[in-house]
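One-letter residues, chain by chain:
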Amino acid sequence: MSLNISTVPLPARPFNPTALVALIWLCTLVWAFVDLELAQSDLRGALAAFAEYAARYARPDLSELPTALALMGQTLAMALWGTALAFALGAVLAPLAAAALTPNAICYRLVRELLNLLRALPDLLLALLLVTAFGLGPLPGLIALGLHTAGFLGKFLAESMERVDRGIYEGVRATGAGSVQLIMFAAWPMILREAIGYTLYIFDRNVRMATVLGLVGAGGIGKAIYDLIRIFEFSRASGMLLVMITTIIAIDYGTTWLRNKLY
Amino acid sequence: MSLGIAWPTRSGRPPLALLAVGIVPLALALTAQQVEFSPTRLAQAALAVPAFLAQLLVMPDWSYLPELAARLLETIQITLLATSIALLFSLPLAVLAASNATPHPLVGWLLRGLLSLIRALPDLLWALLFVSALGLGALPGVLALAMVTIGLLAKLYAESIEVVKRGPVEGVRACGAGWLQVRLYAMLPEAAPDLIGTTLYMLDHNLRAATILGFVGAGGVGYDLITAIRLFQYDRLILMILAIYLLVTGLDRLSSVLRRRII
């Protein structure tokens, strides 16, 4: 008496969506390609044109180095102030948006939605609006940076505060601590390292973004580069770009090194 | 004569963190002048806010809605195409750049340097360069966004590959797998959840970036945004801001749902 294996019904093979997802993805791409009329454009010609254009930047003119450094300094200052503003705003909003610390559910939802709105509005758009309202200069730029990145920093900090072990909150609360004391003596000490890491990341991001804010009249080296490109002064623009790229890479490595030291 | 008093650190010297606590406010104070952060300028800016907000309180221009939808669709298409092109290039580049998968340490080192050079220019500046070289339209937008995305995506992919567990890699190698097979059947599948998460994050990031690419004439909703601000068409502007908020938030929600299901 033996069991005939071939008659035992096998369970149905589980549905594997990979092929379907890939097909839908490919169709979407083809549709986008056709709809944007990219097929008409000559891609190889475009790359050749870009190579030719890039060659115009081959001879950087470094005779304006002091000006470039001063402008870069202003851009860095903008990023620093923007980050400080974002940290101040984020630090206040984060406990309200952390489930473990929020006073009530309505406040939680409202602050979460506020942080979401701040993140959704591009900082360049905010800067444009603020330049219209306040006039040209670095101040609208740094406020735009601060508001936009407060959305990110507030969310990151709130999530860190939610990840803290519940026992720590309970322990501190058991000593009779109020809600502000809970934030200061339970939440912050636990997330301090992470918070510094996030703030460094935001600073790095803000340095890059601050260089671009010049395009909408918010000062710094970006404005100078944009103006030089518009009057076809490629060598001078190239010199400024060189200063900018060097600074951005240096800050990138610096913040990465600091973050690695933290953990 | 020592009093036996020391800092409560391992070395007995004051902690470095104390230095940072002092340096940041000092830097802020020193650069306040440069970013026009003065009481008078702030007061002047604060006084301008109510008048500006009052301007934004207008009836939306509903007749603009179909055109806005077309622009947003273009923005989404640019995002999808640029991210997919970048994905295609980033995977092989990441394998070559990751320290545990690279064919030669020198190749990995050079490639990582190149990627950090690409990342050093912000996306809007790349877009400006591509528009200057190729003219207005969606093509420079797609190319610029793809370029920056490769710089970031390949780096993030490489970092995911670097933290792959050694066990599965050794297991596959022990079966006699060759150089390419080890990477295709051990490293990439092991890193897959991370890779998918990174790609979703990148999609989110690129949608935000694509909304402002039009500021320099690289297609999408950005061109209409900057026109509306320049011409004070606030009835269109509030519609655009609302639409961008809904779009970005929608993708944010969708990608967090997907992330939870996949990872």
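As shown above, the structure is provided for reference.
Residues numbered from 1 in each chain as written. Chains lettered and ligands numbered in written order. Predicted model: local features only at pLDDT ≥ 70, side-chain atom pairs only at ≥ 80, totals over all residues. Heavy atoms only, no water.

Caption draft 1: Examining the nonpolar core more closely. Counting residues in hydrophobic clusters, the biggest one holds 110 residues, and the most contacted among them are L124 and M244 of chain A together with W126, F215 and L237 of chain B. The dominant element in this core, judged by the number of residues it contributes, is helix α10 (residues 234-262) of chain A, at 10 residues. When sequence neighbours within four positions are dropped, the list of residues in contact with F215 of chain B reads L124, L125, L128 and V216 of chain A together with G222, Y223, L225 and I226 of chain B. If you look at the next biggest cluster of nonpolar residues, it comprises 30 residues, including A97, L115, M161 and I183 of chain A. (Core = buried A, V, L, I, M, F, W, Y, C linked by side-chain atoms within 4.5 Å. Buried < 20%, exposed > 50% of the residue type's maximum accessible area, 1.4 Å probe, protein only. Helix = DSSP H or I, 4+ residues; strand = E, 2+ residues; numbered from the N terminus. Contact = heavy atoms within 4.5 Å.)

Caption draft 2: Just the packing of aromatic side chains, in detail. A complete count under the given rule lists 12 aromatic pairs over all chains for this structure. Where Y53 of chain A meets F234 of chain A, the ring centres are 5.6 Å apart and the plane angle is 85°; that geometry is what we call edge-to-face. Here F234 of chain A lies in helix α10 and Y53 of chain A lies in helix α2 (residues 43-55), a separation of 181 residues in the sequence. Both residues of the pair, Y53 of chain A and F234 of chain A, belong to the buried class. On the numbers, 6.1 Å between centres and 90° between planes, the contact of F52 of chain B with Y234 of chain B is edge-to-face. Of this pair, F52 of chain B sits in helix α2 (residues 39-56) while Y234 of chain B sits in helix α10 (residues 234-262), placing them 182 residues apart in sequence. For Y234 of chain B, a relative accessible area of 6% puts it in the buried group. (Phe/Tyr/Trp six-rings, centres within 6.5 Å; stacked < 30°, edge-to-face > 60°.)

Caption draft 3: Local environment of the interface of chain A and chain B. Each side of the interface is counted separately: chain A has 62 residues, and chain B has 60 residues. Here chain A and chain B share three salt bridges between them. For the salt bridge of D252 of chain B with R119 of chain A, the shortest nitrogen-to-oxygen distance reads 3.7 Å. There are 10 residue pairs in polar contact (both at pLDDT 80 or more) connecting chain A and chain B. Among the elements that line the side of chain A that touches chain B, the one with the most residues is helix α3 (residues 65-96) of chain A, at eight residues. For the side of chain A that touches chain B, the per-class residue count stands at 48 nonpolar, nine polar and five charged. (Salt bridge = Lys/Arg side-chain N within 4 Å of Asp/Glu carboxyl O. Polar contact = N/O pair within 3.5 Å; in protein donor to acceptor, adjacent residues only side chain to side chain. Nonpolar A, V, L, I, M, F, W, Y, C, P; charged D, E, K, R; others polar.)

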